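# Descriptive analysis of the structure
Residues per chain, in single letters:
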Amino acid sequence: MAAMPHLEQIIEDIPTKICSAQLINPGDYFIRDALDNTALIAITEVCGAIIYVNRKFCEMSGYSAEELIGSNHRLLKSGEHGTAFFRAMYRQIADGKVWHEEICNRRKDGSLYWVYATIVPHISERGKIDSYASIWFDITARKLLEEELRASKENLERLASIDPLTGLANRRRFEEHISSLVHTYPRTKREFHLALLDVDRFKEVHDTFGHPAGDDLLKTVATRLRAIADEHLLIARLGGDEFGLILTACSSEQANAVLAVALEAIRQPMLIAGASRRCSASLGVATFPIHAEDGAALLKAAGLALHHAKMNGRDRIENFQPQFRDIAEKKALLLAEIEGGLRQGAFEFHYQPIVPLAEYNPVSLEALMRWRHPKQGLLSPAGFQEGFADQQVRAAFGMYMLKKVFGDVAAFQTYGLAVGRVALNLTSSDFQSDAFLDYFFKLSGETGIPLSSFCAKVTEGMFLGPNQKRVEWGLHRLHEAGVEIALDDFGTGFASLTHLRQLPIDRLKIDRSFVANMILSNEDQAIVRGVIDIAHNLSVAVTAEGVETVEQVELLTDLGCDMLQGWYFGKACEAGRLPALLSALPDCRVRRA
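This text gives an overview of the structure that appears in the document.

Now for the pairing of strand β2 (residues 50-53). A regular strand carries its side chains on alternate faces of the sheet. Both strand β1 (residues 40-45) and β2 contribute to a ladder of three bridges, which runs antiparallel. Counterpart to I43 in the pairing with β2 is Y52. Hairpin remark: β1 followed by β2, antiparallel, with four residues in the connecting loop; positive phi at G48, about 105°.

Rendered as C-alpha cells:
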C-alpha cells in the first residue's frame, strides 16, 4: 500500500487540485474528509478573494458557500487585531513561509470566534505564489475559558487590594502605591504626602455600642473620605480605625487644606446605634523625600506625627518634625532600660511615714518607687515619668511592686517593726485584667500577711478612663477583702463628691498644694477645713500631704485632720533605715475624746 501523504503536503496541494479540477486520490480523500469534519478550510487568491470553503467553514462563519466564494477574506475581520498583526502575517506568507497564529474572526451574526490558523502559500510551477490555503481549528471554548480565568485572576487581585468592610484600598494596595511613588521619584522628582488618620476614641464607641456600631462608624468615615478623593488622592483603610491617605501633585499647604476638609467632614453628625452623634479624628502627616528616604521610614514618620496629634488633644493635624524622631528614640531607649531594670531588680521601694494624730494608732507608710539607675544613680518616678505613659509598663510595675512590697513587709515583721497600713500607688493598668488582683490575693495567702495591712491609693483620673468599670469593680473587691481605699490629691480633679458617694473610699488625701499655702491663705485654709468636715461627716478619714512645718502640724491638728505626711516627719528611706527614722519621729499625737 502506498504511503499516505503528509498533512502539510495535502494542504499545499489543495489549491492546485481544486483549481485544475484534478481528482483527489483515495488517500487524499480520507484526509480531506477527516479535515472537513474537524477543521475550517479555505483557499484564497493572492488578492484575498475566497475561491474555496469547506462545510465546517460555512457552519462556523454563518455564511453560505455562495456568500463566501468571490468575497474578500476581510469579510470575517473582527477588529480585534491591529494593522501590525496583519502586516506581519502578509510579510511572512508573501515570502512563501507557512504562518501559524491564533486569530479572532466575526460571524455573520456579529459574534466572535477564535481559531488557531495555519496559512500555507501555494507556489506554482513558475515559482510564483498563486493562492493561499488556510486550515483553522476552533479554539473559542479555550479562549473563553482563558478569558474567564484572566477575569477571575483580575478579580482576585482586585479583592486582594480592597478592604472588604469599607470598599477602600487596603494596606497592601496602600504600601504598593507608596513603593511605586518612591521608585519613580528619581525620574519624576515629584514629592508626595502621606497622612495617617485615626478615629478619636473609636474603642469607646466600639465597646459602648457594640461591634456593628463600630463597623457602621468606620463605613461612614470611609464614605466621607471617599467623597473628597480624586486622581491625586488615594485613601485606604489600613486596619482597625486607622486610615491612610496619599496626596500627590500638591504642596504641603494644599495637602493640609485637603486634610482639613477631611477632618471637617468627619466632625459632622453621624448615625451611630440609631442616634445622631459626633466624632472626630487625628491626622499625622509626613512628606517624601523631605522627612524620609523610603516608604517604611515615611510611614514611621507619619505615625510619630499622629501620636503627637493625639497627645496634643486629638481632632487636629500634626505635621512631622525631626524632633519627634528624637523623642521617640529617647522613649524607646527608656522603655528598654526599664525592662532591663525590672529583670535585674534595680527598682526598689522607699517608705515615708504617715503619722497619726490620734494616740495609740500606729504609724503607717507609703511605698514610693525608686530606680537605682546604673549611670544616673537613684531616681524618683519623676526621672522616668515617660515610662509610665506606656500601659504595659505600668502593668509590669504594678506586679513588680506587689512582690517587692510584700517582701519588705515580711521583713518588717521579722525584726519586730510595728507599722500600720502600707499604702500602694495603683494605676488604671493594674485593673486592665484580673492578674494584678489575683496576684495580690495570692501573695497574701502565701506570706500570711493580711490584706488589711495595705492601703490602695487611687486618683480620680482612674475613674474617667476606658477602664472605669474595671477599676470600680476592682476597688470593691479589694475593699471587701480588707484593703483600705484612699483617694489621692483630693480637690484637684473633678466630681470628687460623687466618687465619695458611689465608691468605697475610706480615706481622702488633701493635696500638698493646699497644705503649702494654708498658713498664709485664708482661702486654702477654708478649703482644707471644708474637706475635713465633709469627709468626717461621711465617715471618711483624712490625711494631709506635704507637711513641712510645725505651724502646719498645729493648724491641721486644730482642724481635726487624722494623719499627716511630709518632710517634717522625714523623707522616704530604704526599708533598712526605717527603724531609725520611726524612732526619731517628733511626737505630735493628741488625745481624742
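On we go from here.
Let us now look at the packing of helix α9 (residues 211-226) against helix α10 (residues 252-267). Relative orientation and spacing of two packed helices are given, respectively, by the angle between their axes and the distance between those axes. Between α9 and α10, the least distance of the axes is 9 Å, while the angle of their chain directions is 140°. By the angle between their directions, the pair α9 and α10 is classed as oblique. Where α9 crosses over α10, the two elements pack in a sense that is right-handed. On α10, the residues touching V221, R224 and L225 of α9 are A262, A265 and I266. In terms of residue class, the contact of α9 with α10 is made up of five nonpolar, no polar and one charged.

A cluster of nonpolar side chains, namely L497, I534 and L538, defines an oily patch on the protein surface of about 260 Å² accessible area. By secondary structure assignment, the location of L497 is in helix α16 (residues 496-502).

Looking now at the side chain of D524. Looking at where D524 falls in the secondary structure, it is placed in helix α18 (residues 522-537). Apart from residues lying up to four places away in sequence, D524 is in contact with S513, F514, N517 and M518.

One finds Y351, V405 and L424 to be the most contacted residues of the largest nonpolar core, which totals 80 residues. By residue number, the principal contributor to this core is helix α13 (residues 391-414), which donates nine residues. For L424, the contacting residues outside a window of four places in its chain are A367, M401, L402, V405, F440, F454, C455, A456 and K457. Of all hydrophobic cores here, the second largest spans 29 residues; its members include A213, L217, L233 and I272.

In this section: the sheet that holds strand β12 (residues 317-319). Here we have five strands laid out as an open sheet, ordered β7-β8-β6-β11-β12, and mixed in their pairing. The open sheet terminates on both sides in strands that have one partner only, identified here as β7 (233-239) and β12. Strand-to-strand twist of the sheet, defined as the mean angle between neighbouring strand axes without regard to direction, takes the value 20°. Inspection of the sheet shows strand β11 (residues 281-288) paired to β12 by three bridges, in the parallel sense. Bridging from a neighbouring strand, V285 pairs with N319 of β12. Along the sheet, α10 contacts β6 (192-199), β7, β8 (242-248), β11 and β12; its crossing angle with β11, the most-contacted strand, is approximately 160°.

Okay, unusual backbone geometry next. Between F288 and P289 the backbone carries a cis peptide bond, its omega angle lying at 0°. Looking at the secondary structure, you find P289 in the loop between β11 and α11 (295-311). Positive phi is not limited to glycine here, since A273 has a value of about 55°. According to the relative accessible area criterion, A273 is exposed, its value standing at 53%.

This brings us to the packing of α18 against helix α19 (residues 550-559). Where α18 contacts α19, the two axes come as close as 10 Å, and the packing angle between them is 40°. Judged by the angle between their axes, α18 and α19 are oblique. Considering how the two elements wind past one another, α18 and α19 form a crossing that is right-handed. Here Q525, V528, R529 and I532 of α18 lie close against α19, whose contacting residues are L555, L556 and L559.

Moving on, we get to the side chain of S161. Relative to the elements of secondary structure, S161 occurs in the loop between α6 (140-160) and α7 (171-188). For S161, the residues in contact, after removing those within four places along its chain, are L168, A169, N170, R172, R173 and E176.

What follows deals with the pattern of salt bridges. Inspection of every chain in the model, using the stated rule, returns 27 salt bridges. K310 is paired through a salt bridge with D198; the nearest N and O atoms lie 2.5 Å apart. Of this pair, K310 sits in helix α11 while D198 sits in strand β6; the two residues are 112 residues apart in sequence, bridging distant segments of the chain. Linking D434 and R470 is a salt bridge whose minimum nitrogen-to-oxygen distance equals 2.7 Å. Of this pair, D434 sits in the loop between β16 (422-425) and α14 (435-447) while R470 sits in helix α15 (residues 468-480), and the two are 36 residues apart along the sequence. Classification of D434 by relative accessible area gives partly exposed; the value is 35%. Its relative accessible area of 31% is what places R470 among the partly exposed residues. Linked by salt bridges that have partners in common, E366, K457, D488, K509 and E545 make up one network.

A few words now on the environment of A141. Within the secondary structure, A141 sits in helix α6. A141 gets classed as exposed once you look at its relative accessible area, which sits at 61%. Taking the C-alpha atoms as reference points, A141 and W114, 27 residues apart in sequence, are found 8.4 Å from one another.

Once that is clear, we can look at the packing of aromatic side chains. The geometry of an aromatic ring pair is captured by two quantities: the separation of the ring centres and the angle between the planes. One pass over the full model with this rule turns up 21 aromatic pairs. Consider the rings of F85 and F86, whose centres lie 5.3 Å apart with planes at 90°: the pair is edge-to-face. Relative to F288, the ring of F192 lies with its centre 5.2 Å away and its plane at 25°, an arrangement referred to as stacked. Taken together, the residues span a long stretch of sequence, with F192 in strand β6 and F288 in strand β11 at a distance of 96 residues. We note that F192, like F288, is buried. Through pairs of rings, three or more aromatic residues link up here, namely F347, W371, F384, F388, F397 and Y400. Geometry around F441 places R477 over its ring, the cationic atom sitting 4.7 Å from the centre. Residue placement shows K571 over the ring face of W567; its charged tip is 4.3 Å from the ring centre.

Looking now at α19. All buried positions along α19 are accounted for by Q552, V553, L555, L556, T557 and L559. Against α17 (512-517), α18, β20 (541-544) and β21 (563-564) lie the buried residues of α19. Looking one or two residues past α19, G560 carries a phi angle of roughly 90°, positive in sign.

Parameters at a glance
- Residues numbered from 1 in each chain as written.
- Predicted model: local features only at pLDDT ≥ 70, side-chain atom pairs only at ≥ 80, totals over all residues.
- Heavy atoms only, no water.
- Pairing = 2+ DSSP bridges.
- Helix = DSSP H or I, 4+ residues; strand = E, 2+ residues; numbered from the N terminus.
- Axes fitted to C-alpha atoms, helices over the stretch in contact; angles between N-to-C directions.
- Parallel < 35°, antiparallel > 145°, perpendicular 65-115°, else oblique.
- Left-handed = near helix turned anticlockwise from the far one by under 90°.
- Contact = heavy atoms within 4.5 Å.
- Nonpolar A, V, L, I, M, F, W, Y, C, P; charged D, E, K, R; others polar.
- Patch = residues over 30% accessible without salt bridge, like charges linked within 9 Å, V, L, I, M, F, W, Y side chains within 5 Å.
- Areas by Shrake-Rupley, 256 points an atom, 1.4 Å probe, with all protein chains shown as cover.
- Salt bridge = Lys/Arg side-chain N within 4 Å of Asp/Glu carboxyl O.
- Core = buried A, V, L, I, M, F, W, Y, C linked by side-chain atoms within 4.5 Å.
- Buried < 20%, exposed > 50% of the residue type's maximum accessible area, 1.4 Å probe, protein only.
- Phe/Tyr/Trp six-rings, centres within 6.5 Å; stacked < 30°, edge-to-face > 60°.
- Lys NZ or Arg CZ within 6 Å of the ring centre and 35° of its normal.

Any link to function would need more than the numbers given here.
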